[in-house]
Amino acid sequence: MKKHLIILVKKAKKDIKEFKENNPNIKINSFYELHDYFDANDYVKSLINEKGEFMVDEANLVLKELNNFIKQLNK
């Protein structure tokens with residue numbers, strides 16, 4: 001995984017963990033469900049290249065990593 005994606009994943013994991021700690025009664029099963037609770041535009045902006053194109057493959061890697069992290073937190 002590229003360095004900027006690793007940084008993005010670390011930031012997102014920190015934010016997700018903090019959200020879950022502050023909202024223990026809210027069940028989140030995937031990253032998509034977090035859109036109902038906070039703005040994820042910062043994460044999306046990080047997945048747009050210099051040409052303004054959305055990097056689908058990179059986004060899928062990030063989503064997979066974050067969804068696995070959420071599953072671990074739910075255990």
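Scroll up for the structure.
Residues numbered from 1 in each chain as written. Predicted model: local features only at pLDDT ≥ 70, side-chain atom pairs only at ≥ 80, totals over all residues. Heavy atoms only, no water.

## Some details on the nonpolar core
Counting 18 residues, the largest nonpolar core has Ile16, Phe31, Leu34, Val62 and Leu66 as its most contacted members. Only helix H1 (3-22) and helix H3 (56-74) provide two or more residues apiece to this core. Setting aside anything within four residues of it in sequence, one finds phenylalanine 31 in contact with Ile16, Ala40, Tyr43, Leu63, Leu66, Asn67 and Ile70. (Core = buried A, V, L, I, M, F, W, Y, C linked by side-chain atoms within 4.5 Å. Buried < 20%, exposed > 50% of the residue type's maximum accessible area, 1.4 Å probe, protein only. Helix = DSSP H or I, 4+ residues; strand = E, 2+ residues; numbered from the N terminus. Contact = heavy atoms within 4.5 Å.)

## Observations regarding H3
Taking 1.5 Å per residue as the helical rise, H3 with its 19 residues ought to reach 27 Å, and the 27 Å between its terminal C-alpha atoms agrees with that figure. Glu58, Ala59, Val62, Leu63, Leu66, Asn67, Phe69 and Ile70 are the residues of H3 that are buried. All buried residues of H3 lie within an arc of 160 degrees about the axis, which places them on one face of the element. Exposed residues lying more than 90 degrees from the buried face of H3 are Asp57 and Lys64. For H3, the elements touching its buried residues are H1. (Expected span 1.5 Å × (residues − 1). Arc of directions from axis to C-beta.)

## Things to note about the environment of isoleucine 48
If you trace the backbone, isoleucine 48 turns up in the loop between helix H2 (41-45) and H3. With 11 residues separating them along the chain, isoleucine 48 and alanine 59 place their C-alpha atoms 9.3 Å apart. Isoleucine 48 has contacts with Glu53, Phe54 and Met55, leaving out every residue within four places of it along the chain.

## Some points on H1
Residues separated by three or four positions in an α-helix point in the same direction, a consequence of the helix having 3.6 residues per turn. Its 20 residues give H1 an end-to-end C-alpha distance of 29 Å, which sits within 8% of 28 Å, the value for a rise of 1.5 Å per residue. Those residues of H1 lying buried are Leu5, Leu8, Val9, Ala12, Ile16, Phe19 and Lys20. Along the axis of H1, the buried positions cluster into a sector of 95 degrees, meaning they face one direction only. Opposite its buried face, H1 presents the exposed residues Lys3, Ile7, Lys10, Lys14, Glu21 and Asn22, each directed more than 90 degrees away.

## So, the side chain of glutamate 58
Checked against the element boundaries, glutamate 58 lands in helix H3. Residue classification places glutamate 58 among the buried residues on the basis of a relative accessible area of 17%. With residues near it in sequence (within four places) discarded, glutamate 58 still touches Lys2, Leu5 and Leu47.

## Describing a nonpolar patch on the surface
On the surface, Val44, Ile48, Phe54 and Val56 cluster together into a nonpolar patch covering about 320 Å² of accessible area. Residue placement: valine 44 occurs in helix H2. The exposure class assigned to valine 44 is partly exposed, which follows from its relative accessible area of 35%. (Patch = residues over 30% accessible without salt bridge, like charges linked within 9 Å, V, L, I, M, F, W, Y side chains within 5 Å. Areas by Shrake-Rupley, 256 points an atom, 1.4 Å probe, with all protein chains shown as cover. Salt bridge = Lys/Arg side-chain N within 4 Å of Asp/Glu carboxyl O.)

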